[in-house]
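# Structural features, examined
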Amino acid sequence: MVPHGTTAQAAPVTQATSVPRPVAADAAGTAAVFMDLWLRADAAAPDSPVAAAARAMAPAADLPKRARPEAAAPSAVRVVPVQTTSTPAGWTVVVAALTDTARAGAQSPDPAAPDTTPAARYFAVSGTGGTDGGALIVTGSPAEVAAPATAAALASPYTRPVPAGEALGTTVGEFLRAYLAGGQGTRLERYLSPGVRLSAPAAAAYARVDVEDVAADTDQAAAKDVPGEGARARLRVRVSGEDRAGGRWPLVYRLEVTARAGRWEVSALEAGTTTPPAAAPSSTLVSGGAR
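Summarised in this report is the structure supplied together with it.

Cut-offs and rules
- Residues numbered from 1 in each chain as written.
- Predicted model: local features only at pLDDT ≥ 70, side-chain atom pairs only at ≥ 80, totals over all residues.
- Heavy atoms only, no water.
- Phe/Tyr/Trp six-rings, centres within 6.5 Å; stacked < 30°, edge-to-face > 60°.
- Helix = DSSP H or I, 4+ residues; strand = E, 2+ residues; numbered from the N terminus.
- Buried < 20%, exposed > 50% of the residue type's maximum accessible area, 1.4 Å probe, protein only.
- Salt bridge = Lys/Arg side-chain N within 4 Å of Asp/Glu carboxyl O.
- Core = buried A, V, L, I, M, F, W, Y, C linked by side-chain atoms within 4.5 Å.
- Contact = heavy atoms within 4.5 Å.
- Polar contact = N/O pair within 3.5 Å; in protein donor to acceptor, adjacent residues only side chain to side chain.
- Pairing = 2+ DSSP bridges.

This part takes up the packing of aromatic side chains. Taken as a whole and judged by the stated rule, the model has 4 aromatic pairs. Ring centres of Phe 175 and Tyr 191 lie 6.4 Å apart, and the angle between their planes is 65°; on these two criteria the pair is classed as edge-to-face. Of the two residues, Phe 175 sits in helix H3 (residues 167-180) while Tyr 191 sits in the loop between H3 and strand S7 (206-216), which places them 16 residues apart along the sequence. For the pair Phe 175 and Tyr 191, one class covers both residues: buried. In textbook terms, an aromatic cluster arises when at least three aromatic residues are bridged by ring pairs, as seen for Phe 175, Tyr 179, Tyr 191 and Tyr 253.

Next up, the structure:
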């Protein structure tokens, strides 16, 4: 009971403090960094910063030894993890190492010939640790292995050719030319379904874009006349973009179109993500919605 004339004080509320959870260590990232260092290291220079960094990650690893002083480490290295497997005993990450390696043999008589040659090599890096946020360690030198197997290609659903001169082929060609021109000159909105938003690639610099072929997953997309309101089709479009230096770039787009008011409109563009524009304004994904 609260005595007369006094003010009741609310009991202080104890707020629960959040306990940080351990973050799983990244074996793939660790393997990639180690391989980058290992490829650049030289056993003849064990005290170099690169060799020291590699041995800090893998104390038991041996370093490469160059055949001669001029056989330098690769001038450019890019290491990409492509496969990770885990067992109770540890983990193994297969990484692809893309390098520019000095050419072997006599100097080329052609002064314009490059001094390096690109190469793709695959290595398996094994290690332990990383559970419950613990540290990782690479347990030894990497093993050079074959490239991981490639999955069999599935049968394509795009089996109906779309004539280039018909309404759909014309619309798709105009849309992709505008899209690869950065959306400049011709507004992309005229080709899009209501509510769809699309950002064009600003860095694209194609002087010319040619549509090689258009294929659909439904017969109505290949028809001469535009079908009824709301009809949909998925397309695969092969184009060739020519840059300002004359180089040709083969590109493939997969998109969805919807019939509205007697014409085809682009309602989705596959861009490798499903994040709606509201959450990621810079995304190149097309996402439909009510206007």
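One pass over the structure, following the stated rule, counts 12 salt bridges. The salt bridge partner of Arg 238 is Asp 213, with a shortest N-O separation of 3.3 Å. Placement of Arg 238 in strand S8 (residues 232-243) and of Asp 213 in strand S7 is noted, with a sequence separation of 25 residues between them. Residue classification places Asp 213 among the partly exposed positions, given a relative accessible area of 26%. Arg 234 is the salt-bridge partner of Asp 217, the closest N and O atoms lying 3.0 Å from each other. With Asp 217 in the loop between S7 and helix H4 (219-222) and Arg 234 in strand S8, the pair connects residues that are 17 residues apart, well separated along the chain. Of the residues examined, Arg 234 reaches a relative accessible area of 38% and is grouped as partly exposed.

Further remarks concern the nonpolar core. For soluble globular proteins, nonpolar side chains are generally found buried alongside one another. Among the nonpolar cores identified, the biggest contains 29 residues, and Leu 168, Phe 175, Leu 176, Tyr 179, Leu 235, Val 237 and Val 257 are the most heavily contacted of them. Ranked by residues supplied to this core, first place goes to H3 with 7 residues. Filtering out sequence-adjacent residues up to four positions away, Leu 235 remains in contact with Tyr 158, Leu 168, Val 172, Val 214, Ala 215, Ala 216, Ala 221, Tyr 253, Arg 254, Leu 255 and Val 257. One finds Ala 27, Ala 41, Ala 58 and Val 79 within the second-largest nonpolar core, a separate group that totals 24 residues.

By the secondary structure assignment, Thr 258 is in strand S9 (residues 248-260). Polar side-chain contacts of Thr 258 include one of 3.3 Å to the side chain of Arg 232.

Let us look at the pairing of S8. In terms of strand pairing, S7 meets S8 through 9 bridges, oriented antiparallel. The partner of Tyr 206 across the bridge, within S8, is Asp 243. Judged from the 11 bridges that link them, S8 and S9 form a sheet pairing that is antiparallel. By the bridge assignment, Val 239 is partnered in S9 with Leu 251. Counted between consecutive antiparallel strands, the loop separating S8 from S9 contains 4 residues, among which Gly 246 sits at a positive phi close to 95°.

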